[in-house]
Amino acid sequence: MYKLAGKSMVKTSSFVPMVLLISAAFTLVMPFRLIQFIGYSVFLLICLSFIYAKILSKCIKVDRPISELKLACKEHAIITFSIKNHSPLPAFICYYADTAPYLYIFHNENSGLFTLRPRELHQVSYKISAQDRGLYTVGPVKVRTADPLGLFEIELEIPCELKITVRPARIKLHTITIPGFPQGALKITNPIYEDITMRRSVREYIPGDEQKRINWRLSAKFDSLFTNQYEESYDAPFFVYLNLAEEDYELKTRSYYSEKAIEIAASIVESSRRYKQRCGFAAYGTDFPYLKPHANQADVILDLLSLIKCVPGKLSYNPEVKLRHQLPAGTMLFVIGPREVEKYFAKVESDKEELNTENIKIRKKAANGI
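Residues numbered from 1 in each chain as written. Predicted model: local features only at pLDDT ≥ 70, side-chain atom pairs only at ≥ 80, totals over all residues. Heavy atoms only, no water.

Enquirer: Could you give an account of the sheet that holds strand 2 (residues 7–12), with specific residues and numbers?
Expert: Here five strands make up an open sheet; going across it, the order is 2-12-11-6-8 and the pairing antiparallel. Both outer strands of the open sheet, strand 2 and strand 8 (111–116), are each paired with one neighbouring strand and no more. Direction aside, neighbouring strands of the sheet carry axes that sit 20 degrees apart on average. Looking at chain direction, strand 2 and strand 12 (residues 152–158) are connected through six bridges and run antiparallel. By the bridge assignment, Thr-12 is partnered in strand 12 with Phe-152. Running over the sheet, helix 2 (residues 33–59) touches strand 2, strand 6 (91–98), strand 11 (141–146) and strand 12 and is turned about 10 degrees from strand 12. (Pairing = 2+ DSSP bridges. Helix = DSSP H or I, 4+ residues; strand = E, 2+ residues; numbered from the N terminus. Axes fitted to C-alpha atoms, helices over the stretch in contact; angles between N-to-C directions. Contact = heavy atoms within 4.5 Å.)

Enquirer: Pulling in residues and values, what's your account of the packing of aromatic side chains?
Expert: With the rule as written, the count across this model stands at 13 aromatic pairs. Taken together, a centroid distance of 5.3 Å and an interplanar angle of 70 degrees make the contact between Phe-50 and Phe-152 edge-to-face. Remark: Phe-152 occurs in strand 12 and Phe-50 occurs in helix 2; sequence separation between them is 102 residues. With relative accessibility at 4%, the residue Phe-152 sits in the buried group. Relative to Tyr-290, the ring of Phe-239 has its centre 5.8 Å away and its plane inclined at 50 degrees; by these criteria the two rings are tilted. Of this pair, Phe-239 sits in strand 17 (residues 238–243) while Tyr-290 sits in strand 19 (residues 290–294), and the two are 51 residues apart along the sequence. With relative accessibility at 0%, the residue Phe-239 sits in the buried group. For Tyr-290, a relative accessible area of 35% puts it in the partly exposed group. (Phe/Tyr/Trp six-rings, centres within 6.5 Å; stacked < 30°, edge-to-face > 60°. Buried < 20%, exposed > 50% of the residue type's maximum accessible area, 1.4 Å probe, protein only.)

Enquirer: Run through the pairing of strand 17, naming residues and quoting values.
Expert: Burial analysis of strand 17 places six of its six residues in the buried class, the great majority of the element. Sheet topology note: the strand 17/strand 18 (residues 279–284) ladder contains six bridges and is parallel. Opposite Val-240, over in strand 18, you have Phe-281 as the bridge partner. Two strands pair when backbone bridges link them, and strand 17 and strand 20 (residues 332–336) are joined in this way by five bridges, in the parallel orientation. In the sheet register, Phe-239 faces strand 20, and the bridge partner there is Leu-333.

Enquirer: Account for the pattern of salt bridges, with residues named and values stated.
Expert: The final tally for this structure, using the stated rule, is 15 salt bridges. Among the salt bridges present, the one from Glu-263 reaches Lys-260, with a minimum N-O distance of 2.9 Å. Of this pair, Glu-263 and Lys-260 both sit in helix 4 (residues 254–274), separated by three residues, roughly a single helical turn. Assessed through its relative accessible area of 11%, Glu-263 is described here as buried. You can call Lys-260 buried: its relative accessible area is 13%. A salt bridge links Arg-273 to Asp-299, with the shortest nitrogen-to-oxygen separation between them at 2.6 Å. One end of the pair, Arg-273, is in helix 4; the other, Asp-299, is in helix 5 (residues 298–307), with 26 residues separating them in the sequence. Overall, the relative accessible area of 34% leaves Asp-299 in the partly exposed class. Bridged by salt links that share partners, the residues Lys-70, Glu-75, Arg-167, Arg-170, Glu-270, Arg-273, Asp-299 and Asp-303 form one connected network. (Salt bridge = Lys/Arg side-chain N within 4 Å of Asp/Glu carboxyl O.)

Enquirer: Break down helix 7 (residues 338–350) for me, with residues and values.
Expert: For helix 7, built from 13 residues, the straight-helix expectation of 18 Å at 1.5 Å per residue is met to within 8% by its first-to-last C-alpha distance of 19 Å. Inspection of helix 7 places Pro-338, Glu-340, Val-341, Tyr-344 and Phe-345 among the buried residues, and these make up the whole buried set. An end-on view of helix 7 places all buried positions within 160 degrees of arc, on one side of the element. Contact partners of the buried residues in helix 7: strand 17, helix 4, strand 20 and strand 21 (363–364). Positive backbone phi, approximately 55 degrees, marks Asp-351, located one or two places after helix 7. (Expected span 1.5 Å × (residues − 1). Arc of directions from axis to C-beta.)

Enquirer: Can you tell me about the environment of Lys-61, naming the residues and giving the values?
Expert: By the secondary structure assignment, Lys-61 is in strand 3 (residues 60–64). Considering only alpha carbons, one finds Lys-61 and Ile-158, 97 residues apart in sequence, at a separation of 7.9 Å.

Enquirer: I'd love a proper account of helix 1 (residues 15–29), names of residues and values included.
Expert: The terminal C-alpha atoms of helix 1 lie 21 Å apart, and with 15 residues this matches the ideal 21 Å at 1.5 Å per residue to within 8%. Along helix 1, the positions that sit buried rather than exposed are Val-16, Val-19, Ser-23 and Thr-27. The buried residues of helix 1 all sit within an arc of 65 degrees when viewed along its axis, so they share a single face. Opposite the packed face of helix 1, turned more than 90 degrees from it, sit the exposed residues Leu-21, Leu-28 and Val-29. For helix 1, the secondary structure elements touched by its buried residues are strand 2, helix 2 and strand 12.

Here's what the structure looks like:
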């Protein structure tokens, strides 16, 4: 949270020195008391206006409730901040502007005019959207006002920056999870994945049930045999490999296809978070990141995908072979590159079946031979 006064500057109107000079000349030269009284009054009025402006410049502050924001490309978000006058003096005309370069501002509502009464809090909110992924900075907030006579202009610049991480655009792609190993977060109706630590219910005994499944306490209570039933679940860690080698993409479609590859990768990472699965990531791209599958790592990978770019070169190895023995057993490896993007577009054009990671052949059987 920011609550800052920032840099303040009080600018004197060009009219003030001239008025002071004329008033001083008349007061010193003219012997008439009325003229001297007027001269002293003008001087006093200018001094009071200056004091008024100095008080306002020290007492107007900005409060931004958050310092970081994350959203997907082309989604909308609401930016809010408040301007408060902590002084007992009103700011009759107050102009504000929140600097937000490279972002689309709806109806230009990041700037406007208002009046600040003594101790008043003015809340500002406006809607933004980003057309491209990346890291954006909103701020500083600029505020301009003046004393009631307009003799001294007050300019404030409050450095309350808001960091906005714009992640890849969300696309329609269903991630198929294929069973890995038992006792996980994914539910399945297959008895070979039963978790004996999680009893679901009991049922009447059926001839052929194993003795170790019999609930002897309940059976003794009701003088009839009952069999335990357990939850059936499995775990399937994700690992996403993203190929952003420039030479693997055709020049005329390189920008569009590479961006779509990033969006496909982001969709799979989002699925891992939704399914509560461990997720890892590697890429032939800027900084060549490599993250082993870990729990609660999806946000870190999505932040990487917000900034990653293509790099010169050509992928000279098969990720499926290279990663085969580096990943935990049961890991689902997803390789995304130009060929997978072409298959994605082909399925989009055919529009005959649901888009998923199986029918565009993204998943590779590379993790320990699964």
